[in-house]
Amino acid sequence: MGLLSSIVSFVLETKWLYLFNRSRVRVSSKSMWNVAKNVKIENCTFIVTGNSVVTIEDGAYLKNSIISVDNAKFIVGRNSIVGSRKKVTEIHVQTSCSFTLGHHSLLLLKRIWIRFAGCVKIGDYTNINYDSEIRSDESVTIGSYCQISYGINIWDTNTHNILPPEERKVLAEKYYPYFGFETTRPKTAPVVVGDYCWLGEKSTLLKGTRLGNNVIVGYNTTLPGLVVEDNKCVVTDIKLRIL
């Protein structure tokens, strides 16, 4: 009976139409799948479980992506693009979390991972380029008309707890082969990026960082919880010596 029930669930929950675009889409019977008619989902794996709500608005295009939504909210605004044919994009929205992408935005990044009731909100006409990553265990807000370059890290979390050796040993043995598994939320602080910001390649925004509007962050600059006012530019001070 268990096997039969699983087969029936698979048949009923699979969105078979997307197979024509080389996509595997499965939505649990308790979830809401609000997808406009002319949305394109191409070469994707999209798994929706629990009591999730997925909304993808008119003209959106998802391609070459792995997306999981588990008891969470996932919203993509009209005419936005997620993913590319060049590299895979992953978005994982875990229990009680939310992901919102505004309209006419472009996400080419490597990964978004939202845990522990975290929230990621990205505005309109914002671009995030290849090899970038967003990690949220609390709140990451990125404004509109932002240019976010290659290899950017935006983390509102330490991502891991510093545990006593014996406790880490227990977790490693219990969850093997998934190392670094966390059962409680690490230290966090919200990250905010205002409108019209430009983040240079390989820059990093760590927990507690807040950028105003029209802020430029230079190449390979790390902001460890820095607050930057509107219309400022922040760069790493490089001192060179010729010996």
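Residues numbered from 1 in each chain as written. Predicted model: local features only at pLDDT ≥ 70, side-chain atom pairs only at ≥ 80, totals over all residues. Heavy atoms only, no water.

Enquirer: Explain the overall build of the chain to me, using residue names and the numbers behind them.
Expert: Scanning the chain from terminus to terminus reveals two helices and 27 strands. Taking 243 residues into account, the globule formula puts the C-alpha radius of gyration at 18 Å, and the chain, at 20 Å, falls close to it. Taken over the C-alpha atoms alone, the chain extends approximately 75 × 50 × 30 Å along its principal axes. Here the chain holds 243 residues, and 43% of them are scored as buried. (Helix = DSSP H or I, 4+ residues; strand = E, 2+ residues; numbered from the N terminus. Rg over C-alpha atoms; globule rule 2.2 N^0.38 Å. Buried < 20%, exposed > 50% of the residue type's maximum accessible area, 1.4 Å probe, protein only.)

Enquirer: Account for the pattern of salt bridges, with residues named and values stated.
Expert: For the structure shown, the criterion picks out eight salt bridges. The salt bridge involving lysine 87 is made with aspartate 131; its shortest N-O contact spans 3.0 Å. With lysine 87 in the loop between strand S9 (81–82) and strand S10 (89–93) and aspartate 131 in the loop between strand S15 (127–128) and strand S16 (133–136), this pair connects stretches of sequence that are 44 residues apart. Residue classification places lysine 87 among the partly exposed positions, given a relative accessible area of 32%. For aspartate 131, a relative accessible area of 37% translates into the label partly exposed. For arginine 111, the salt bridge goes to glutamate 133, with nearest N and O atoms at 2.5 Å. With a gap of 22 residues between them, arginine 111 in strand S13 (residues 111–114) and glutamate 133 in strand S16 connect regions that are remote in the sequence. By relative accessible area, arginine 111 is classed as partly exposed at 24%. Using a relative accessible area of 6% as the deciding quantity, one classes glutamate 133 as buried. Three or more residues are tied together by salt bridges with common partners; here these are Lys40, Glu42 and Arg85. (Salt bridge = Lys/Arg side-chain N within 4 Å of Asp/Glu carboxyl O.)

Enquirer: A description of the pairing of S16 should follow, citing residues and the corresponding values.
Expert: Burial of the side chains of S16 extends over both faces: Glu133 and Arg135 are buried on one face and Ile134 and Ser136 on the other. Where S13 meets S16, four bridges bridge the pair, whose relative direction is parallel. Opposite isoleucine 112, over in S16, you have isoleucine 134 as the bridge partner. Of the strand pairs in this sheet, S16 and strand S19 (residues 153–155) are connected by three bridges, and their pairing is parallel. When the bridges of S19 are listed, arginine 135 appears paired with tryptophan 155. (Pairing = 2+ DSSP bridges.)

Enquirer: Hey, could you go over unusual backbone geometry for me, with residue numbers and the actual values?
Expert: With an omega of 10 degrees, the peptide bond between tyrosine 176 and proline 177 qualifies as cis. Of note, proline 177 is situated in the loop between helix H2 (165–175) and strand S20 (191–193). In this structure, asparagine 71 is a non-glycine residue whose phi angle is positive, near 50 degrees. Residue position: asparagine 71 is located in the loop between strand S7 (65–70) and strand S8 (73–76).

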